[in-house]
Amino acid sequence: MKAVILFNSTNHAIWAENELKENEISCKMISVPRHLSSDCGYCVQIDADDGEKASNILNANNIEFDNIENYKGE
Amino acid sequence: MLLDKTKNSIIYFDNAATSFPKPECVTDAVLNYMTQIGANPGRSGHKLSIEAGHIVFKARKSIAALFGLKNPMQVIFTSNATEALNLGIKGILQEGDHVITTSMEHNSAIRPLHELEKQAFISLAIVQADKTGIIDPKKIKEAITVRTKAVVVNHASNVLGCIQPIREIGKICKANGVIFIVDCAQSAGVVPIDINRDNIDILAFAGHKGLYGPTGTGGMVIADDFDHKKIKPLKCGGTGSLSDKIDQPDFLPDRFESGTLNIAGLSGLFAGSQYIQKKPGGIKGIYSHKNELQKHFIQQAEMFVQNFICYSSSNLPSAGVIAFRLKNISVSEAAQILSDKFEIMCRQGLHCSPLAHQTIGTFPEGTLRFGFGIFNTKEEIDIAVHALKSISEGN
(Lines give C-alpha, C1' and ligand atoms only; values in the text may rest on other atoms or scores of the structure.)
Protein backbone atom coordinates (compact mmCIF):
# COMPACT_ATOMS: atom_id res chain seq x y z
CA MET A 1 0.00 0.00 0.00
CA LYS A 2 1.20 3.48 -0.88
CA ALA A 3 0.43 6.79 0.77
CA VAL A 4 0.85 10.37 -0.37
CA ILE A 5 1.90 13.35 1.72
CA LEU A 6 0.04 16.46 0.60
CA PHE A 7 1.45 19.93 1.07
CA ASN A 8 0.17 23.46 0.76
CA SER A 9 3.27 24.42 -1.20
CA THR A 10 5.32 22.50 -3.72
CA ASN A 11 8.34 24.18 -2.11
CA HIS A 12 7.52 22.28 1.07
CA ALA A 13 7.04 19.06 -0.91
CA ILE A 14 10.54 19.31 -2.37
CA TRP A 15 12.00 20.11 1.04
CA ALA A 16 10.17 17.11 2.51
CA GLU A 17 11.44 14.80 -0.22
CA ASN A 18 14.96 16.01 0.49
CA GLU A 19 14.70 15.34 4.25
CA LEU A 20 12.97 11.96 3.79
CA LYS A 21 15.66 10.78 1.39
CA GLU A 22 18.36 11.95 3.81
CA ASN A 23 16.62 9.79 6.40
CA GLU A 24 16.58 6.85 3.98
CA ILE A 25 12.82 6.75 3.50
CA SER A 26 11.91 5.59 0.03
CA CYS A 27 9.83 8.30 -1.65
CA LYS A 28 8.91 9.73 -5.03
CA MET A 29 7.50 13.03 -6.22
CA ILE A 30 4.26 12.51 -8.14
CA SER A 31 1.54 14.77 -9.57
CA VAL A 32 -1.09 15.65 -7.00
CA PRO A 33 -4.00 13.19 -7.47
CA ARG A 34 -7.00 15.32 -8.44
CA HIS A 35 -9.40 13.44 -6.18
CA LEU A 36 -7.25 14.29 -3.16
CA SER A 37 -6.44 17.93 -3.78
CA SER A 38 -7.15 20.75 -6.21
CA ASP A 39 -3.56 22.05 -5.97
CA CYS A 40 -1.24 22.34 -8.92
CA GLY A 41 2.09 20.62 -8.71
CA TYR A 42 3.29 17.61 -6.85
CA CYS A 43 3.22 15.65 -3.64
CA VAL A 44 5.41 12.96 -2.09
CA GLN A 45 4.54 9.29 -2.43
CA ILE A 46 5.80 6.90 0.26
CA ASP A 47 5.09 3.37 1.46
CA ALA A 48 2.04 3.54 3.73
CA ASP A 49 4.04 1.71 6.42
CA ASP A 50 6.47 4.64 6.57
CA GLY A 51 3.69 7.16 7.29
CA GLU A 52 4.36 7.63 10.99
CA LYS A 53 8.12 7.75 10.57
CA ALA A 54 7.78 10.29 7.74
CA SER A 55 5.40 12.38 9.79
CA ASN A 56 7.91 12.47 12.68
CA ILE A 57 10.73 13.54 10.37
CA LEU A 58 8.67 16.33 8.85
CA ASN A 59 7.56 17.56 12.26
CA ALA A 60 11.11 17.44 13.59
CA ASN A 61 12.21 19.69 10.71
CA ASN A 62 9.20 22.00 11.03
CA ILE A 63 8.13 21.15 7.48
CA GLU A 64 4.47 22.05 7.11
CA PHE A 65 2.31 19.40 5.46
CA ASP A 66 -1.37 19.16 4.91
CA ASN A 67 -2.15 15.49 5.28
CA ILE A 68 -0.95 11.92 4.73
CA GLU A 69 -3.48 9.79 2.85
CA ASN A 70 -3.46 6.19 1.72
CA TYR A 71 -3.34 6.06 -2.03
CA LYS A 72 -4.17 3.17 -4.33
CA GLY A 73 -3.68 5.07 -7.57
CA GLU A 74 -6.30 6.82 -9.68
CA MET B 1 31.77 33.40 -22.71
CA LEU B 2 34.25 33.24 -19.86
CA LEU B 3 36.91 35.87 -19.72
CA ASP B 4 40.06 34.20 -21.02
CA LYS B 5 42.92 36.10 -19.49
CA THR B 6 45.47 34.49 -21.79
CA LYS B 7 43.79 36.12 -24.80
CA ASN B 8 42.29 39.13 -23.19
CA SER B 9 44.09 41.88 -21.34
CA ILE B 10 40.94 43.31 -19.75
CA ILE B 11 41.16 44.02 -16.04
CA TYR B 12 37.73 44.01 -14.45
CA PHE B 13 37.52 46.11 -11.27
CA ASP B 14 33.77 46.73 -11.39
CA ASN B 15 32.77 43.76 -9.23
CA ALA B 16 30.81 46.04 -6.87
CA ALA B 17 28.36 46.63 -9.76
CA THR B 18 28.27 42.97 -10.74
CA SER B 19 30.95 40.30 -10.51
CA PHE B 20 32.76 39.17 -13.63
CA PRO B 21 33.86 36.72 -14.81
CA LYS B 22 31.54 34.13 -13.30
CA PRO B 23 33.03 30.75 -12.34
CA GLU B 24 32.63 28.15 -15.08
CA CYS B 25 30.30 26.07 -12.86
CA VAL B 26 27.85 28.99 -12.93
CA THR B 27 27.68 29.25 -16.71
CA ASP B 28 27.50 25.44 -16.93
CA ALA B 29 24.55 25.39 -14.51
CA VAL B 30 22.64 28.05 -16.46
CA LEU B 31 23.28 26.23 -19.73
CA ASN B 32 22.31 22.89 -18.22
CA TYR B 33 18.98 24.28 -17.05
CA MET B 34 18.23 25.95 -20.36
CA THR B 35 19.18 22.98 -22.52
CA GLN B 36 18.33 19.96 -20.36
CA ILE B 37 15.58 20.99 -17.92
CA GLY B 38 13.82 24.15 -19.00
CA ALA B 39 10.58 23.55 -17.10
CA ASN B 40 8.57 25.62 -14.64
CA PRO B 41 8.84 24.36 -11.04
CA GLY B 42 5.86 23.89 -8.76
CA ARG B 43 3.20 24.00 -11.45
CA SER B 44 3.27 20.59 -13.10
CA GLY B 45 4.03 17.10 -11.87
CA HIS B 46 6.27 15.93 -14.69
CA LYS B 47 9.88 15.11 -14.01
CA LEU B 48 11.36 18.18 -15.64
CA SER B 49 9.16 20.40 -13.46
CA ILE B 50 10.27 18.44 -10.40
CA GLU B 51 13.90 18.76 -11.46
CA ALA B 52 13.44 22.53 -11.76
CA GLY B 53 11.91 22.46 -8.26
CA HIS B 54 15.02 20.69 -6.97
CA ILE B 55 17.20 23.46 -8.37
CA VAL B 56 15.19 26.15 -6.58
CA PHE B 57 15.27 24.18 -3.32
CA LYS B 58 19.03 23.62 -3.55
CA ALA B 59 19.55 27.34 -4.16
CA ARG B 60 17.33 28.17 -1.16
CA LYS B 61 19.21 25.72 1.07
CA SER B 62 22.58 27.03 -0.04
CA ILE B 63 21.60 30.65 0.69
CA ALA B 64 20.17 29.60 4.07
CA ALA B 65 23.48 27.91 4.94
CA LEU B 66 25.43 30.98 3.85
CA PHE B 67 23.57 33.18 6.34
CA GLY B 68 23.23 30.64 9.17
CA LEU B 69 19.47 30.32 8.66
CA LYS B 70 17.77 27.12 9.86
CA ASN B 71 14.58 27.21 7.76
CA PRO B 72 15.31 27.46 4.00
CA MET B 73 11.70 28.56 3.34
CA GLN B 74 12.60 31.91 4.95
CA VAL B 75 14.71 32.65 1.85
CA ILE B 76 12.59 34.62 -0.65
CA PHE B 77 13.96 35.01 -4.14
CA THR B 78 13.65 38.39 -5.86
CA SER B 79 15.18 39.86 -8.98
CA ASN B 80 17.85 41.82 -7.07
CA ALA B 81 18.67 43.40 -3.70
CA THR B 82 16.64 46.50 -4.60
CA GLU B 83 13.44 44.48 -4.93
CA ALA B 84 14.23 42.69 -1.66
CA LEU B 85 14.74 46.01 0.16
CA ASN B 86 11.51 47.42 -1.29
CA LEU B 87 9.70 44.28 -0.17
CA GLY B 88 11.11 44.42 3.35
CA ILE B 89 10.69 48.17 3.78
CA LYS B 90 7.26 48.64 2.21
CA GLY B 91 6.10 45.30 3.57
CA ILE B 92 6.55 46.13 7.25
CA LEU B 93 5.87 49.86 7.41
CA GLN B 94 2.49 51.27 8.39
CA GLU B 95 1.21 54.82 8.40
CA GLY B 96 2.73 56.90 11.18
CA ASP B 97 5.79 54.69 11.66
CA HIS B 98 9.19 56.23 12.36
CA VAL B 99 12.25 54.76 10.63
CA ILE B 100 15.95 55.24 11.27
CA THR B 101 18.48 54.89 8.48
CA THR B 102 21.98 56.13 7.75
CA SER B 103 23.86 58.56 5.56
CA MET B 104 25.64 55.60 3.90
CA GLU B 105 22.58 54.10 2.19
CA HIS B 106 22.40 53.17 -1.45
CA ASN B 107 19.41 54.55 -3.33
CA SER B 108 17.88 51.06 -3.21
CA ALA B 109 17.06 51.73 0.46
CA ILE B 110 16.95 55.50 0.76
CA ARG B 111 14.66 56.06 -2.24
CA PRO B 112 11.81 53.80 -1.07
CA LEU B 113 12.16 55.32 2.41
CA HIS B 114 12.24 58.88 1.11
CA GLU B 115 9.22 58.24 -1.14
CA LEU B 116 7.22 57.09 1.90
CA GLU B 117 8.45 60.12 3.82
CA LYS B 118 7.38 62.50 1.00
CA GLN B 119 3.91 60.95 1.09
CA ALA B 120 3.86 61.72 4.84
CA PHE B 121 3.30 57.99 5.37
CA ILE B 122 6.37 57.65 7.63
CA SER B 123 8.87 59.93 9.36
CA LEU B 124 12.55 59.32 8.74
CA ALA B 125 15.71 59.99 10.74
CA ILE B 126 19.04 59.77 8.91
CA VAL B 127 21.96 59.06 11.24
CA GLN B 128 25.19 60.62 10.04
CA ALA B 129 28.30 58.46 9.56
CA ASP B 130 31.78 59.82 10.31
CA LYS B 131 34.23 60.67 7.50
CA THR B 132 35.35 57.04 7.28
CA GLY B 133 31.73 56.05 6.64
CA ILE B 134 31.20 54.31 9.98
CA ILE B 135 28.00 54.67 12.00
CA ASP B 136 28.26 54.95 15.76
CA PRO B 137 25.63 52.53 17.18
CA LYS B 138 25.04 54.98 20.04
CA LYS B 139 23.63 57.45 17.53
CA ILE B 140 21.12 54.84 16.38
CA LYS B 141 20.11 54.25 19.99
CA GLU B 142 19.65 57.98 20.57
CA ALA B 143 17.44 58.29 17.46
CA ILE B 144 14.95 55.64 18.61
CA THR B 145 11.52 57.02 19.57
CA VAL B 146 8.33 55.34 20.75
CA ARG B 147 7.16 55.30 17.13
CA THR B 148 10.31 53.72 15.67
CA LYS B 149 9.33 50.61 13.72
CA ALA B 150 12.55 49.83 11.87
CA VAL B 151 16.25 50.56 11.46
CA VAL B 152 17.63 50.18 7.92
CA VAL B 153 21.41 49.88 7.57
CA ASN B 154 23.75 49.28 4.65
CA HIS B 155 26.18 46.58 5.83
CA ALA B 156 29.14 47.22 3.50
CA SER B 157 29.33 50.50 1.64
CA ASN B 158 29.22 50.35 -2.14
CA VAL B 159 31.26 53.57 -2.13
CA LEU B 160 33.93 53.10 0.56
CA GLY B 161 33.75 49.36 1.23
CA CYS B 162 33.61 50.06 4.99
CA ILE B 163 31.63 47.66 7.17
CA GLN B 164 29.07 48.73 9.77
CA PRO B 165 28.93 47.19 13.27
CA ILE B 166 25.63 45.44 12.51
CA ARG B 167 25.71 42.99 15.41
CA GLU B 168 25.87 45.87 17.87
CA ILE B 169 23.20 47.88 16.05
CA GLY B 170 21.03 44.75 15.86
CA LYS B 171 21.40 44.24 19.61
CA ILE B 172 20.12 47.77 20.21
CA CYS B 173 17.18 47.09 17.87
CA LYS B 174 16.32 43.86 19.68
CA ALA B 175 16.46 45.53 23.08
CA ASN B 176 14.06 48.22 21.85
CA GLY B 177 11.65 46.01 19.89
CA VAL B 178 12.65 47.60 16.58
CA ILE B 179 12.86 45.63 13.30
CA PHE B 180 16.42 45.53 11.90
CA ILE B 181 16.70 45.51 8.08
CA VAL B 182 20.18 45.09 6.64
CA ASP B 183 21.23 45.76 3.05
CA CYS B 184 23.85 43.09 2.35
CA ALA B 185 24.12 43.80 -1.40
CA GLN B 186 27.89 44.29 -1.14
CA SER B 187 28.65 42.09 1.86
CA ALA B 188 26.88 38.81 1.00
CA GLY B 189 29.55 36.30 0.00
CA VAL B 190 32.31 38.70 1.09
CA VAL B 191 31.87 39.25 4.83
CA PRO B 192 30.83 36.35 7.10
CA ILE B 193 27.18 36.96 8.13
CA ASP B 194 25.00 35.02 10.56
CA ILE B 195 21.45 36.34 10.45
CA ASN B 196 20.62 35.10 13.94
CA ARG B 197 23.88 35.97 15.72
CA ASP B 198 24.05 39.35 13.95
CA ASN B 199 20.55 40.16 15.26
CA ILE B 200 19.16 40.80 11.76
CA ASP B 201 15.40 40.49 11.18
CA ILE B 202 15.31 41.06 7.41
CA LEU B 203 18.34 40.76 5.15
CA ALA B 204 18.53 41.77 1.49
CA PHE B 205 21.19 40.28 -0.80
CA ALA B 206 22.24 40.50 -4.43
CA GLY B 207 22.84 37.18 -6.17
CA HIS B 208 25.04 38.57 -8.91
CA LYS B 209 27.77 40.30 -6.91
CA GLY B 210 29.62 38.42 -4.16
CA LEU B 211 27.60 35.24 -4.73
CA TYR B 212 28.66 35.02 -8.39
CA GLY B 213 25.22 34.20 -9.76
CA PRO B 214 23.78 35.79 -12.91
CA THR B 215 22.21 39.26 -12.92
CA GLY B 216 18.49 39.20 -12.15
CA THR B 217 19.00 37.22 -8.93
CA GLY B 218 18.77 38.31 -5.32
CA GLY B 219 16.60 37.80 -2.32
CA MET B 220 15.16 38.69 1.04
CA VAL B 221 16.06 36.47 3.99
CA ILE B 222 13.82 36.50 7.06
CA ALA B 223 15.32 35.51 10.42
CA ASP B 224 14.14 32.18 11.84
CA ASP B 225 12.38 33.83 14.77
CA PHE B 226 10.77 36.68 12.79
CA ASP B 227 7.04 36.41 12.07
CA HIS B 228 6.85 36.72 8.28
CA LYS B 229 3.17 37.65 8.47
CA LYS B 230 4.29 41.10 9.64
CA ILE B 231 5.51 41.63 6.05
CA LYS B 232 2.91 42.42 3.38
CA PRO B 233 3.64 41.02 -0.09
CA LEU B 234 4.54 43.55 -2.80
CA LYS B 235 3.00 41.38 -5.50
CA CYS B 236 0.29 38.74 -5.56
CA GLY B 237 -0.41 36.05 -8.13
CA GLY B 238 0.11 32.46 -9.14
CA THR B 239 2.22 30.31 -6.84
CA GLY B 240 1.17 26.77 -7.84
CA SER B 241 -0.32 26.41 -4.34
CA LEU B 242 -3.92 26.80 -3.08
CA SER B 243 -5.00 26.92 -6.71
CA ASP B 244 -8.67 26.61 -5.76
CA LYS B 245 -8.54 29.95 -3.90
CA ILE B 246 -8.21 33.55 -5.00
CA ASP B 247 -6.53 34.46 -1.70
CA GLN B 248 -2.75 34.96 -1.63
CA PRO B 249 -1.14 32.14 0.42
CA ASP B 250 0.22 33.29 3.79
CA PHE B 251 2.92 30.61 4.11
CA LEU B 252 6.55 30.87 3.02
CA PRO B 253 7.98 31.26 0.49
CA ASP B 254 4.75 31.37 -1.58
CA ARG B 255 3.44 34.50 0.16
CA PHE B 256 6.17 36.56 -1.52
CA GLU B 257 7.03 34.57 -4.66
CA SER B 258 4.21 35.03 -7.16
CA GLY B 259 4.88 34.34 -10.82
CA THR B 260 7.53 32.14 -12.37
CA LEU B 261 10.95 32.53 -10.79
CA ASN B 262 14.16 33.14 -12.71
CA ILE B 263 15.17 29.47 -12.74
CA ALA B 264 18.06 29.92 -15.17
CA GLY B 265 19.39 32.61 -12.83
CA LEU B 266 18.80 30.55 -9.71
CA SER B 267 20.63 27.58 -11.30
CA GLY B 268 23.64 29.85 -11.62
CA LEU B 269 23.11 31.35 -8.17
CA PHE B 270 23.14 27.89 -6.60
CA ALA B 271 26.38 27.05 -8.39
CA GLY B 272 27.95 30.40 -7.50
CA SER B 273 26.97 30.30 -3.83
CA GLN B 274 28.32 26.75 -3.53
CA TYR B 275 31.51 27.77 -5.32
CA ILE B 276 32.32 30.54 -2.84
CA GLN B 277 31.31 28.52 0.23
CA LYS B 278 33.45 25.58 -0.86
CA LYS B 279 36.51 27.65 -1.73
CA PRO B 280 39.45 26.94 0.60
CA GLY B 281 38.95 29.28 3.54
CA GLY B 282 35.32 29.89 2.55
CA ILE B 283 33.87 33.38 3.01
CA LYS B 284 36.56 34.27 5.56
CA GLY B 285 39.18 33.51 2.92
CA ILE B 286 37.43 35.74 0.40
CA TYR B 287 37.21 38.50 3.01
CA SER B 288 40.97 38.28 3.71
CA HIS B 289 41.75 38.23 -0.02
CA LYS B 290 39.74 41.41 -0.65
CA ASN B 291 41.30 43.18 2.34
CA GLU B 292 44.77 42.26 1.12
CA LEU B 293 43.98 43.60 -2.35
CA GLN B 294 42.61 46.82 -0.87
CA LYS B 295 45.68 47.38 1.34
CA HIS B 296 48.00 46.59 -1.57
CA PHE B 297 46.24 49.01 -3.90
CA ILE B 298 46.19 51.90 -1.43
CA GLN B 299 49.80 51.34 -0.40
CA GLN B 300 51.07 51.14 -4.00
CA ALA B 301 49.00 54.06 -5.27
CA GLU B 302 50.03 56.28 -2.36
CA MET B 303 53.64 55.40 -3.09
CA PHE B 304 53.68 55.84 -6.87
CA VAL B 305 50.73 57.96 -8.02
CA GLN B 306 50.97 61.72 -7.66
CA ASN B 307 47.65 63.47 -7.02
CA PHE B 308 46.12 60.27 -5.62
CA ILE B 309 43.41 60.90 -3.04
CA CYS B 310 41.90 57.89 -1.31
CA TYR B 311 38.62 58.10 0.60
CA SER B 312 38.56 54.47 1.76
CA SER B 313 40.69 53.65 4.77
CA SER B 314 43.39 50.99 4.51
CA ASN B 315 43.12 50.49 8.29
CA LEU B 316 39.44 49.55 8.39
CA PRO B 317 37.99 46.15 7.43
CA SER B 318 36.62 46.36 3.91
CA ALA B 319 34.44 44.55 1.41
CA GLY B 320 37.07 45.29 -1.26
CA VAL B 321 35.49 48.49 -2.58
CA ILE B 322 37.68 51.60 -2.82
CA ALA B 323 36.72 55.20 -3.56
CA PHE B 324 39.53 57.41 -4.82
CA ARG B 325 40.38 60.04 -7.41
CA LEU B 326 43.24 61.85 -9.04
CA LYS B 327 43.38 65.51 -8.01
CA ASN B 328 44.26 66.81 -11.46
CA ILE B 329 41.72 65.07 -13.70
CA SER B 330 37.94 64.62 -13.54
CA VAL B 331 36.71 61.22 -12.45
CA SER B 332 34.76 60.71 -15.68
CA GLU B 333 37.79 61.44 -17.85
CA ALA B 334 40.04 59.22 -15.76
CA ALA B 335 37.55 56.31 -15.98
CA GLN B 336 37.27 56.78 -19.73
CA ILE B 337 41.06 56.65 -20.19
CA LEU B 338 41.32 53.62 -17.89
CA SER B 339 38.79 51.82 -20.09
CA ASP B 340 39.91 53.01 -23.55
CA LYS B 341 43.67 53.09 -23.18
CA PHE B 342 44.38 50.59 -20.40
CA GLU B 343 41.39 48.21 -20.63
CA ILE B 344 40.70 48.62 -16.93
CA MET B 345 36.98 48.60 -16.11
CA CYS B 346 35.82 50.61 -13.13
CA ARG B 347 32.95 52.90 -12.16
CA GLN B 348 33.02 56.64 -11.65
CA GLY B 349 30.50 59.12 -10.27
CA LEU B 350 28.11 58.86 -7.38
CA HIS B 351 27.42 55.11 -7.40
CA CYS B 352 23.68 55.62 -6.72
CA SER B 353 24.67 56.84 -3.25
CA PRO B 354 24.36 60.64 -3.05
CA LEU B 355 24.20 60.66 0.75
CA ALA B 356 27.37 58.59 1.11
CA HIS B 357 29.23 60.97 -1.19
CA GLN B 358 27.93 63.95 0.80
CA THR B 359 29.21 62.21 3.94
CA ILE B 360 32.75 61.91 2.61
CA GLY B 361 32.71 65.30 0.89
CA THR B 362 32.83 64.10 -2.71
CA PHE B 363 29.39 65.28 -3.81
CA PRO B 364 28.48 66.09 -6.63
CA GLU B 365 31.64 65.13 -8.58
CA GLY B 366 31.86 61.65 -7.06
CA THR B 367 34.91 59.41 -7.20
CA LEU B 368 36.49 56.59 -9.12
CA ARG B 369 35.67 53.19 -7.66
CA PHE B 370 37.52 49.92 -7.82
CA GLY B 371 35.51 46.89 -6.67
CA PHE B 372 37.71 43.82 -6.37
CA GLY B 373 36.49 40.27 -6.99
CA ILE B 374 37.73 36.81 -6.09
CA PHE B 375 39.66 36.45 -9.35
CA ASN B 376 41.56 39.76 -9.10
CA THR B 377 45.25 39.68 -8.29
CA LYS B 378 47.99 41.94 -6.94
CA GLU B 379 49.58 41.84 -10.40
CA GLU B 380 46.43 43.41 -11.88
CA ILE B 381 46.54 46.07 -9.17
CA ASP B 382 50.16 46.85 -10.03
CA ILE B 383 49.15 47.32 -13.69
CA ALA B 384 46.31 49.63 -12.61
CA VAL B 385 48.65 51.64 -10.35
CA HIS B 386 51.00 52.08 -13.30
CA ALA B 387 48.06 53.23 -15.46
CA LEU B 388 46.93 55.72 -12.81
CA LYS B 389 50.49 57.04 -12.54
CA SER B 390 50.57 57.53 -16.28
CA ILE B 391 47.17 59.30 -16.34
CA SER B 392 48.13 61.48 -13.38
CA GLU B 393 51.32 62.55 -15.16
CA GLY B 394 49.36 63.34 -18.33
CA ASN B 395 50.97 60.57 -20.40
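Residues numbered from 1 in each chain as written. Chains lettered and ligands numbered in written order. Predicted model: local features only at pLDDT ≥ 70, side-chain atom pairs only at ≥ 80, totals over all residues. Heavy atoms only, no water.

**Considering empty space enclosed by the protein**
Applicable threshold: Using only the protein atoms, space was sampled on a 1 Å grid; points where a 1.4 Å probe fits but cannot get out form cavities, open sets with protein on both sides within 12 Å along at least five of seven lines form pockets, and lining residues are those with an atom within 4 Å of a point. Grid points are joined across faces, edges and corners, and a volume is the space filled by probe spheres set on the points. Each helix corresponds to a stretch of at least 4 residues labelled H or I by DSSP, and each strand to a stretch of at least 2 residues labelled E; elements are numbered beginning at the N terminus. Asp, Glu, Lys and Arg are counted as charged, while Ala, Val, Leu, Ile, Met, Phe, Trp, Tyr, Cys and Pro are counted as nonpolar; the rest, among them Gly, fall into the polar class. Source of the domain bounds: an automatic or database domain assignment.
Applying the stated criterion to the full structure yields five cavities of 30 Å³ or more. One number sums up the size of the largest cavity: a volume of about 180 Å³. N11 of chain A together with P41, R43, R60 and L261 of chain B are the residues nearest the centre of the largest cavity, which is lined by 17 residues in total. Put simply, the parts of the chain that give the lining of the largest cavity at least two residues each are α1 (10-22) of chain A together with α2 (47-66) of chain B. Split into classes, the residues belonging to the lining of the largest cavity amount to seven nonpolar, six polar and four charged. Estimates place the volume of the second largest cavity at around 70 Å³. Lining the second largest cavity, in full, are N15, A16, S19, Q186, V190, K209, G210, Y212, K290, A319, V321 and F372 of chain B. By residue class, the composition of the lining of the second largest cavity is six nonpolar, four polar and two charged. Here the lining of the second largest cavity gathers at least three residues from each of two domains, domain 1 (11-22 + 282-392) and domain 2 (24-278) of chain B.

**Concerning the sheet that holds strand β6 (residues 179-183) of chain B**
Residue and element names in this part refer to chain B. Note the cut-off: In this scheme, strands are said to pair when DSSP sees at least two bridges between them. Only the stretch in contact is used when a helix axis is fitted, and all axes are lines through C-alpha atoms; the angle between N-to-C directions ranges over 0 to 180 degrees. The contact rule is simple, with two residues in contact once any of their heavy atoms fall within 4.5 Å.
If you walk across this open sheet you meet the seven strands as β2-β8-β7-β6-β5-β3-β4, and the pairing is mixed. Each end of this open sheet is capped by a strand with a single partner; those strands are β2 (75-78) and β4 (123-127). Going across the sheet, the axis of each strand differs from the next one's by a mean of 20°, ignoring polarity. The sheet contact formed by β6 and strand β7 (residues 202-206) spans three bridges and is parallel. Bridging from a neighbouring strand, I181 pairs with I202 of β7. Relative to β7, helix α3 (residues 81-92) is tilted by about 160°, and along the sheet it contacts β2, β5 (148-154), β6, β7 and β8 (218-222).

**Let's talk about the layout of surface pockets**
Residue and element names in this part refer to chain B. Looking at the largest pocket, its volume works out to about 230 Å³. Along its surface, the largest pocket is lined by 20 residues, and T82, H106, S108, A185 and K209 are the ones closest to its centre. The element best represented in the lining of the largest pocket is α3, accounting for three residues. Residues of the lining of the largest pocket, tallied by class, amount to seven nonpolar, nine polar and four charged. Counting residues domain by domain, the lining of the largest pocket receives three or more from each of domain 1 (11-22 + 282-392) and domain 2 (24-278).

**As for the interface of chain A and chain B**
Where the parts come together, the accessible area they lose is often given as the size of the interface. Basically, it comes down to this: Values labelled buried area give the accessible surface lost by two parts on being combined, using a 1.4 Å probe and summing over both. A pair is scored as a salt bridge if a Lys or Arg side-chain nitrogen falls within 4 Å of a carboxyl oxygen belonging to Asp or Glu. Any pair of N or O atoms that falls within 3.5 Å is considered a polar contact. Within protein, one atom must be able to donate a hydrogen and the other to accept it, and sequence-neighbouring residues count only if both atoms are side-chain atoms.
With 18 residues of chain A at the contact, the number on the chain B side is 25 residues. Together, the buried faces of chain A and chain B total about 1,700 Å²; carbon and sulfur atoms form 56% of this surface. Of all residues in chain A, the largest losses of buried area upon contact with chain B belong to N11, W15 and Y42 of chain A, amounting jointly to 30% of the total for that side. A salt bridge links E22 of chain A to K61 of chain B, with the shortest nitrogen-to-oxygen separation between them at 3.4 Å. The interface formed by chain A and chain B contains seven residue pairs in polar contact (both at pLDDT 80 or more). Those elements that provide at least two residues to the side of chain A that touches chain B are α1 and β2 (27-31) of chain A. Considering every element that reaches the side of chain A that touches chain B, the biggest residue donor is α1 of chain A, with eight residues. Class assignment of the residues belonging to the side of chain A that touches chain B gives a composition of five nonpolar, nine polar and four charged.

**As for the packing of helix α8 (residues 282-304) of chain B against helix α11 (residues 378-392) of chain B**
Residue and element names in this part refer to chain B. Which entries qualify depends on this criterion: Roughly parallel covers angles under 35 degrees, roughly antiparallel covers those over 145, roughly perpendicular covers 65 to 115, and oblique covers all other angles. Left-handed is the label given to a crossing in which the near helix is rotated counterclockwise from the far helix by less than a right angle, and right-handed is the label when the rotation is clockwise.
Their axes nearest at 10 Å, the elements α8 and α11 cross at an angle of 30°. As the angle between them shows, α8 and α11 are arranged roughly parallel. Crossing of α8 over α11 shows right-handed handedness. Taken together, the residues of α11 that come into contact with α8 (itself represented by E292, L293, H296, F297, Q300, A301 and F304) are K378, I381, D382, V385, L388 and K389. Residues that form the contact of α8 with α11 fall into these classes: seven nonpolar, two polar and four charged.

So far we have only geometry, and geometry alone does not tell us how the molecule works.
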